[in-house]
Amino acid sequence: MCRHLAYLGPPVGLHDLLYAPPHSLLTQSYAPRRQRHGRVNADGFGVGWYHPGRDNPVRYRRAMPMWADVSFTDVAQVVSSTCVVAAVRDATPGFPVDESCAQPFTSDGWLFSHTGAVTGYAAVEERLCREAGRQAPDARAPVDSAPLFGLAVRLWRQGRPLDDALAAVTAYARGLAPGRYNLLATDGVRLAATACGDGLYLRRTGQAVLIASEPYDDGPGWTEIPDGSLVTAGSAGVAVRPLQETSCLNL
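Bear in mind that the values here come from a model prediction, so they are computed numbers and not experimental data.

1. Section: the packing of helix H5 (residues 145-157) against helix H6 (residues 162-176)
- Where H5 contacts H6, the axes come no closer than 9 Å and their chain directions differ by 135°. If you check the angle between H5 and H6, you find them oblique. When the axes of H5 and H6 are compared, the crossing they make is right-handed. Between H5, through Leu148, Leu151, Ala152, Leu155 and Trp156, and H6, the contact on the second element is made entirely by Leu162, Ala165, Leu166, Ala168, Val169, Tyr172 and Ala173.
- Within the contact of H5 with H6, the residues separate by chemical class into 12 nonpolar, no polar and no charged.

Right under this line is the structure:
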């Protein structure tokens, strides 16, 4: 299993978001409190953020534990952004500990992260990869999250909304194989996430929205998202609604 989070709101320093809280993503890399599968997220990490004047997000990934990369700790102290996605990885047995597998994945201005696993992936890998196609380099990574990302990119390029695509990918994947499909994505101005098989939490503070695998502190305002839900956040506000049970991607 893995841990991820997304932030949308006024500019925030990466260090304040990822390192400073008492139960930050850094701490979750070695001592997660609410992780149901696995104990340590030491198989890589990644951070993606949007910078003014740049069309595509900046993305930093490593195959090492987050706590071992002291250089990025320094970088995080001087970088801020209005939209951030970050993740720490606990590799599912059978998949390599490789930078290409660390998330978030990115293409065409989108950032994407998946926590969970496709159960019995070998039996459905060929079909998932065929449907996903070769949409982006990250969609070809040797990990079960990659074709899920490829499917999402395919739908986004067809004009499907950020959240609708995640719901469709989740339903389609569940129709092929059981598993845990907590997906998270942003286009820099909106967030979307699914709670499907693992925990997900939401916090709204002023104009800021946080979506995370688990709270990074014990402060007020965190809400647990019911399993089987789709979360969206943007200028129109925050909405939580049930995932539609459909296996049709309309490809």
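2. Re the pairing of strand E12 (residues 229-234)
- Burial runs high along E12: five of the six residues are buried.
- As defined by bridge partners, strand E8 (residues 191-195) adjoins E12 across five bridges and the pair is classed as antiparallel. Directly across from Leu191, in E12, lies its bridge partner Ala233.
- Alignment of E12 against strand E13 (residues 237-242), held across six bridges, turns out to be antiparallel. Counterpart to Val231 in the pairing with E13 is Val240.

3. Notes on the nonpolar core
- Counting residues in each nonpolar core, the largest one holds 38 residues, and the members touching the most others are Phe112, Leu148, Phe149, Trp156 and Leu166.
- Elements represented by at least two residues in this core include exactly strand E6 (110-118), helix H4 (121-132), H5, H6 and strand E7 (179-186).
- Counting 25 residues, the second-largest nonpolar core is a separate cluster that includes Ala86, Val88, Ala208 and Tyr216.

4. Observations regarding the pattern of salt bridges
- Scanning the entire structure with this criterion turns up 13 salt bridges.
- Ionic pairing is found between Asp198 and Arg36, a salt bridge with its closest N-O pair at 3.9 Å. Taken as a pair, Asp198 in the loop between E8 and strand E9 (201-205) and Arg36 in the loop between helix H2 (25-30) and strand E2 (45-49) lie far apart in primary sequence, 162 residues in all.
- Among the ionic pairs, Asp138 bridges to Arg61, the shortest N-O distance being 3.7 Å. Linking Asp138 in the loop between H4 and H5 with Arg61 in strand E3 (residues 58-62), this pair joins segments that are 77 residues apart in sequence.
- Accessibility expressed as a relative area gives 7% for Asp138, which makes it buried.
- Several salt bridges share partner residues, and in doing so they unite Arg3, Arg36, Asp198 and Glu214 into one network.

5. A look at the pairing of strand E10 (residues 208-212)
- Of all the five residues making up E10, five are buried; the element is thus mostly covered by neighbouring parts of the structure.
- Bridge count for strand E1 (residues 2-13) against E10 is four bridges, and the pairing is antiparallel. Note on E10: the bridge partner recorded for Leu5 is Ala212.
- As defined by bridge partners, E9 adjoins E10 across five bridges and the pair is classed as antiparallel.

Rules used throughout
- Residues numbered from 1 in each chain as written.
- Predicted model: local features only at pLDDT ≥ 70, side-chain atom pairs only at ≥ 80, totals over all residues.
- Heavy atoms only, no water.
- Axes fitted to C-alpha atoms, helices over the stretch in contact; angles between N-to-C directions.
- Helix = DSSP H or I, 4+ residues; strand = E, 2+ residues; numbered from the N terminus.
- Parallel < 35°, antiparallel > 145°, perpendicular 65-115°, else oblique.
- Left-handed = near helix turned anticlockwise from the far one by under 90°.
- Contact = heavy atoms within 4.5 Å.
- Nonpolar A, V, L, I, M, F, W, Y, C, P; charged D, E, K, R; others polar.
- Buried < 20%, exposed > 50% of the residue type's maximum accessible area, 1.4 Å probe, protein only.
- Pairing = 2+ DSSP bridges.
- Core = buried A, V, L, I, M, F, W, Y, C linked by side-chain atoms within 4.5 Å.
- Salt bridge = Lys/Arg side-chain N within 4 Å of Asp/Glu carboxyl O.

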